[in-house]
Amino acid sequence: MNIVARRNAYGRQLGSFFAEEEFKGIGTVGMTFIRAPYIESVGDGVDVLATCDGKIVAARQGKQLVTAFHPELTDDDWTGTDNQNFFNVFSFAHICPLV
């Protein structure tokens, strides 16, 4: 993927946190950050999908998806108890659009 990432950008595990931010094409998403990176820059062909405090935390290039947060750890009403709906919604809306 045509990105530059900064590993452990939010510090140690004690710096873990939760935020709710807009995710392009989906809406507000709960985001759990644990020793999280963020994306410092993106190159050609990369679509920024979400930011948190001005930092890029989700992006897509073609069929590749990266997130700095753990969507599988968030339990929201819209995602269901195992957050499977996040992956389903994202997959159908972004990765595998109808042609």
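See the structure above.
Residues numbered from 1 in each chain as written. Predicted model: local features only at pLDDT ≥ 70, side-chain atom pairs only at ≥ 80, totals over all residues. Heavy atoms only, no water.

**Student:** Give a description of the nonpolar core that names residues and reports values.
**Tutor:** Counting 13 residues, the largest nonpolar core has Phe23, Met31, Phe33, Ala50, Val57, Ala58 and Phe69 as the members making the most contacts within it. For this core, the secondary structure elements donating two or more residues are strand S2 (17-23), strand S3 (27-33), strand S5 (47-52) and strand S6 (55-61). Setting aside residues no more than four positions away along its own chain, Val57 makes contact with Tyr10, Met31, Phe33, Ala50, Thr51, Cys52, Val66, Thr67, Ala68 and Phe69. (Core = buried A, V, L, I, M, F, W, Y, C linked by side-chain atoms within 4.5 Å. Buried < 20%, exposed > 50% of the residue type's maximum accessible area, 1.4 Å probe, protein only. Helix = DSSP H or I, 4+ residues; strand = E, 2+ residues; numbered from the N terminus. Contact = heavy atoms within 4.5 Å.)

**Student:** Break down the packing of aromatic side chains for me, citing the residues and quoting the values.
**Tutor:** Within this structure, the stated rule accounts for three aromatic pairs. With centroids separated by 4.6 Å and ring planes inclined at 10°, the aromatic side chains of Phe17 and Phe33 adopt a geometry described as stacked. Here Phe17 is found in strand S2, whereas its partner Phe33 is found in strand S3, with 16 residues between them in sequence. In this structure Phe17 comes out as partly exposed when scored by relative accessible area, which is 24%. Classification of Phe33 as buried rests on a relative accessible area of 1%. (Phe/Tyr/Trp six-rings, centres within 6.5 Å; stacked < 30°, edge-to-face > 60°.)

**Student:** Hey, could you go over the environment of Met31 for me, with residue numbers and the actual values?
**Tutor:** Summarising the element assignment, Met31 is placed in strand S3. The exposure class of Met31 is buried, given its relative accessible area of 0%. When the C-alpha atoms of Met31 and Cys52 are compared, they prove to be 9.2 Å apart, with 21 residues separating the residues in sequence.

**Student:** Any chance you could break down the pattern of salt bridges for me, citing the residues and the numbers?
**Tutor:** Applying the stated criterion across every chain, the model contains two salt bridges. For Arg60, the salt bridge goes to Asp47, with nearest N and O atoms at 3.5 Å. Here Arg60 is found in strand S6, whereas its partner Asp47 is found in strand S5, with 13 residues between them in sequence. A relative accessible area of 21% places Arg60 in the partly exposed class. Here Asp47 falls in the buried class, since its relative accessible area comes to 19%. The network of salt bridges with shared partners includes Lys24, Asp47 and Arg60. (Salt bridge = Lys/Arg side-chain N within 4 Å of Asp/Glu carboxyl O.)

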